Amino acid sequence: MNDLLVANSVSKYFGDFCALNNVSIAVPKGTIFGLLGPNGAGKTTLIRIINQITIPDTGSVFLDGEPLQPHHIQNIGYLPEERGLYKTMKVGEQALYLAQLKGMQKAEAKKRLKYWFEKLEIGDWWNKKIQELSKGMAQKIQFVVTVLHQPKLLIFDEPFSGFDPINANMIKNEILQLRDEGATVIFSTHRMESVEELCDHIALIHESNKILDGKLIDIKRQFKTNTFEVGLSANNENELTKDLQSKFEISKAEFKSLNNDIKLNIKIPKGESPNDLLLYLTQHAQVNHFNELVPTASDIFIQTVKNN
Amino acid sequence: MNHLGLVIKREYLTKVKNKSFIVMTILSPLIMIALIALVAYLSQLNNNKERIISVLDESGLINDVFKNTEHTKYDLLESITLDDAKLLVEQQEKYGLLHIENKLDIDAIAKSIKFYSKDTPSLTLISDLEGKLEKKLTDLKRKELGLDIEKLKLSETNINIAQESFIGEKTSKIDNVVKLAFGGFAGYMLFMFIIIYGNMIMRSVIEEKTSRIIEVIISSVKPVQLMLGKIIGTSLAGITQFAIWIVIGGVLMQIVSVVFGLNIVETQMQNDEILQQAMQSPEAQESMQSLINAIYHLPLLNLTIAFVLFFIGGYMLYSSLYAAIGAAVDNETDTQQFMLPILMPLILAVYVGFFTVIEDPHGTVSTVFSHIPFTSPVVMLMRIPFGVPIWEQLISLIILIGTFMFTVWFAAKIYRVGILMYGKKPTYKELIKWLKY
C-alpha cells in the first residue's frame, strides 16, 4: 500500500445540488498533494468527507487501507479555511483542549505544545486570550494545534491566508519539514505559486468533477507544447524572422535579457529534437537565450478549467 | 477518548469562570435582597408616619370604637359644626375628618358616614374604618332589634368541609393551596430555568459559529456529542448558579432579618391588626397546624423524583431545540423567528398549569396537557402534588423521553448542517431540507 488516503468514486448531493460527482483520488504516502479547483468546485466538501464531517452519499474513503472510522480522526490534522478559536479562552488552555479532543493525554500535549510554542517563538502567549492576539498570531496557534498530535495525514485549506510573507515562509518550511518526517499532506489553495513550490501531486476539481490528476511533473510533461523561448542577435533580423516563420510556428516572446535581442517563442513539431532547432539557429544568428517553455501550474489550471 | 466529558468540562469551566457569570451569580441575590429590604424599609417609613384622624360623631353612639394605635391617632371633636370641623382639620393639617351624622335610626346613620380629606385616603385605612364601623353598628342594630349578642356569637359556626378520597386520603382547602404552591413553584422554576439557560446554550452555539472554531472542533468531535456536551455543561453551570443563589440568598435573608427583620415582621403585623388578632385565635393556630400537616402529607418522595425526572426531560427537550436554533442562524438577532414556536408551548403550559390545574387538577384539559410532551413537564409537575397515579406519570414520562430523543435527533441534524452554514438566514423550508442532507 503506497497510498495513505484513497477515495473511491465519492459523490455528495445537497438536495438537488451535486457537490461531488464520482470523484476518486489517491494520495501517496509522504507527499504533498495539491487539491485545486475554482471556488465552489467541491474541494471543501471532499475535505469535509475525509474529516468525517460530512457523510458521502456514495463511494468510500480508505485511510491506510482501512475504511474511514471515527477513531481515524486521531490520525488526521485539519486546518480549515474557515477557522477561528474561542475568543475568550486562554491560548494554552484552548490548545490543550483541542489536543485532548484529538485523543492526546494532557501531560503529553503540554510537553509538545511547549516544544512547538518555542519553535515558532510564541512561548510567552500561553496565558493570553485569543482576542488580545492579531490574526496572524492566532493563525500560528491554529497551525500548532493542527500538527500537534503528529497525524499521519495533514489537511491544509488555504494555510497561508492571513500570514505575512515572513510567517508564510516559516509555515511553508514547517510543512516541508513535516513531509520529510513522513507526514502526508493534502493542500488546498488558489495560490498557484505555492502549488509550484510545494506539491508533488495535484488533482483538479471543477464543477464537482475531477478533471485532472497525477504527478505534477507528469502533468507538466503532458501539457508541454515543445515551445522554446529564444533570444537572438543577428544582422538581418527581418530575413531571419521570415525564414523561421516558414519553417516553424513562431510568436513574440517576453522575457528579460541584457542584450537587444529578437525575442521569439518557437514551437517545433512533436518528435523533433530541439538540437535541430538549435543547430539551425546557431548557423544564422548568435543564440543568447534558449529555454524550454515549461507550463506553469497556473497555465495548466486555467487551460484545463477553460476546456471543461 | 471521552470527548463528551471534555466538552462538558470546557463548557462548564468557561461558563463558570466567565466574569459576567460570576458577577451575576453574586450580585443577583444581593440585588434581590436589597430590593426586598428596600421595599420593607419604605413601607415601614410610610407606616411610621403618624396619622391623626379627627372624628366628629354627632350621634354619640360610636365614639368608643376609636382606639389609638401606634401610627393612627383619633381626635374626637365635640360641639362644633361640620364646616368648622373641616376648616380646623385642614388648618391643623390632619389626615382627614370622619363625620357621622345624628340620625334617628341606625340605617340612616350608616348611610350618613363620610370621610373628608385633602388627598385620596389610603385604601387600607378606609377599609379598616369601615370594618370598625360595620361591627359597631351591627351590634347596635342587633341590640335595637332585641337580639342577644352573646347568644348570636355563640351561634356562629365555622365550616371547613373535610375532603376524603375513596381510598381514604384526606385533603382540605389548605391542603390544596399548599399543593398548588408546590406545583406552581416547581412548574415555574422549570419554565424560568429553560428560558435562562436555553438562551445561554443558544448563545454558546452562535459564539462557536461566529468565532469560526466550529469546523476545527467538528473534525474531532461528533456534532451530537458537541451539542449534548454543551447542553449538559451549561445546565451544570446553571445548577451551580442556582445553588449559589440559594445559599447566598439564605445567608443574606438571615442577616437581613437579624438586622431589620424584627421590624419587618412587626410592621406587617401592625399593618393588619385584624390578622394579628386572628393569628392568636385558636382557629388560626389550628390552621397553622393543618398547614404543617398539609406539607407533611404531600407525596414528597414522588414529588422529588418526578421533579428531577420531568425537570431533566423537559429541560433537555427544550434546550436541544435552543441548540438547533443557535446552529441554524449566524447571530442573535436572527433567532427571533424561531423563538416563537418554542416559547408558545412553554407559555401555554404555564397558563394551562395555573388556570386549569387550580380549577380541576384531574380534568380532561389538565390530563391531556400533562401528556403532551411540550407542556407535560410543567403541567405534570403542577398536578403531581394533587396525587397522580404512578402509571399515568410513567406514561407521560415515556412520551416525554421519546419526544426528547426525537428532538435531540432532529436538533442534531439541524445542528450538523447548520453549524457549517454561513451567510443567509435559513427559512423553515430549508431547515426541513437539511434533515435530508
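Residues numbered from 1 in each chain as written. Chains lettered and ligands numbered in written order. Predicted model: local features only at pLDDT ≥ 70, side-chain atom pairs only at ≥ 80, totals over all residues.

### Topic: the overall build of chain A
For step 1, the next point in the chain: Across its full length, chain A holds ten helices and 14 strands.
For step 2, the next point in the chain: Its C-alpha radius of gyration of 24 Å places chain A more than 25% over the 19 Å reference for a compact globule of 308 residues.
For step 3, the next point in the chain: Dimensions along the principal axes, computed over C-alpha positions, put chain A at roughly 75 × 45 × 35 Å.
For step 4, the next point in the chain: Looking at chain A as a whole, 38% of its 308 residues are labelled buried. (Helix = DSSP H or I, 4+ residues; strand = E, 2+ residues; numbered from the N terminus. Rg over C-alpha atoms; globule rule 2.2 N^0.38 Å. Buried ≥ 20, exposed ≤ 12 C-beta atoms within 10 Å, placed from the backbone.)

### Here we look at the interface of chain B and chain A
For step 1, the next point in the chain: The interface is formed by 17 residues belonging to chain B together with 20 residues belonging to chain A.
For step 2, the next point in the chain: At the level of secondary structure, the elements contributing two or more residues to the side of chain B that touches chain A comprise helix H1 (3-17) and helix H8 (214-218) of chain B. (Contact = placed C-beta atoms within 7 Å.)

### Examining the environment of Asn288 of chain A
All names here are of chain A.
For step 1, the next point in the chain: One can find Asn288 in strand S14 (residues 286-292).
For step 2, the next point in the chain: Sequence separation of Asn288 and Leu258 is 30 residues, and the distance between their C-alpha atoms is 9.3 Å.
For step 3, the next point in the chain: When residues no more than four places from it in sequence are discounted, the contact partners of Asn288 are Gly231, Leu232, Ser233, Ser257, Asn259 and Asp261.

### Some thoughts on helix H2 (residues 91-101) of chain A
For step 1, the next point in the chain: H2 of chain A sits mainly inside the fold: nine of its eleven residues count as buried.
For step 2, the next point in the chain: Close packing links the buried residues of H2 of chain A with helix H3 (106-119) and helix H4 (135-147) of chain A together with H1 and H8 of chain B.
For step 3, the next point in the chain: One or two residues past the end of H2 of chain A sits Gly103 of chain A, with phi positive at roughly 95°.

### Describing the domain arrangement of chain A
For step 1, the next point in the chain: Domains assigned within chain A are domain 1 (3-221) and domain 2 (225-292).
For step 2, the next point in the chain: Distance between the C-alpha centres of domain 1 of chain A and domain 2 of chain A: 45 Å. (Domains from an automatic or database assignment.)

### Considering the sheet that holds strand S12 (residues 249-252) of chain A
Residues and elements named next belong to chain A.
For step 1, the next point in the chain: Taking strand neighbours across the sheet as the criterion, the four strands line up as S12-S13-S11-S14 in an open arrangement whose pairing is antiparallel. Of all strands in the sheet, those bounded by a partner on one side alone are S12 and S14. Direction aside, neighbouring strands of the sheet carry axes that sit 25° apart on average. (Pairing = 2+ DSSP bridges. Axes fitted to C-alpha atoms, helices over the stretch in contact; angles between N-to-C directions.)

### What about the packing of H2 of chain A against H1 of chain B?
For step 1, the next point in the chain: Contact pair H2 of chain A / H1 of chain B: the axes reach a minimum separation of 10 Å and the direction vectors enclose 160°. As far as their axial angle goes, H1 of chain B and H2 of chain A are roughly antiparallel. Between H2 of chain A and H1 of chain B the crossing geometry is left-handed. Each of Tyr97, Gln100 and Leu101 of chain A in H2 of chain A lies in contact with H1 of chain B, whose residues at this interface are His3, Leu6 and Arg10 of chain B.
For step 2, the next point in the chain: Tallied by class, residues from the contact of H2 of chain A with H1 of chain B come to three nonpolar, two polar and one charged. (Parallel < 35°, antiparallel > 145°, perpendicular 65-115°, else oblique. Left-handed = near helix turned anticlockwise from the far one by under 90°. Nonpolar A, V, L, I, M, F, W, Y, C, P; charged D, E, K, R; others polar.)

### Describing the pairing of strand S13 (residues 262-267) of chain A
All names here are of chain A.
For step 1, the next point in the chain: With six bridges connecting them, strand S11 (residues 227-233) and S13 associate as antiparallel partners. Its bridge partner lying in S13, Phe228 is registered against Ile266.
For step 2, the next point in the chain: Direction of pairing for S12 relative to S13: antiparallel, over a ladder of four bridges. For Ile250, the partnering residue across the bridge sits in S13 and is Ile266.

### Side note on the sheet that holds strand S3 (residues 96-100) of chain B
Residue and element names in this part refer to chain B.
For step 1, the next point in the chain: Strand order in the open sheet formed by four strands is S2-S1-S3-S4, with mixed pairing between adjacent strands. Of all strands in the sheet, those bounded by a partner on one side alone are strand S2 (72-77) and strand S4 (114-117). Across the sheet, the axes of successive neighbouring strands diverge by a mean angle of 25°, strand direction being ignored.
For step 2, the next point in the chain: When strand S1 (residues 51-57) meets S3, the two strands line up parallel, connected through five bridges. Bridge pairing in S3 links Ser54 to Leu97.

### Notes on the environment of Leu129 of chain B
For step 1, the next point in the chain: Note that Leu129 of chain B resides in helix H5 (residues 123-144).
For step 2, the next point in the chain: As a C-alpha pair, Leu129 of chain B and Leu98 of chain B span 31 residues in sequence and 9.3 Å in three-dimensional space.

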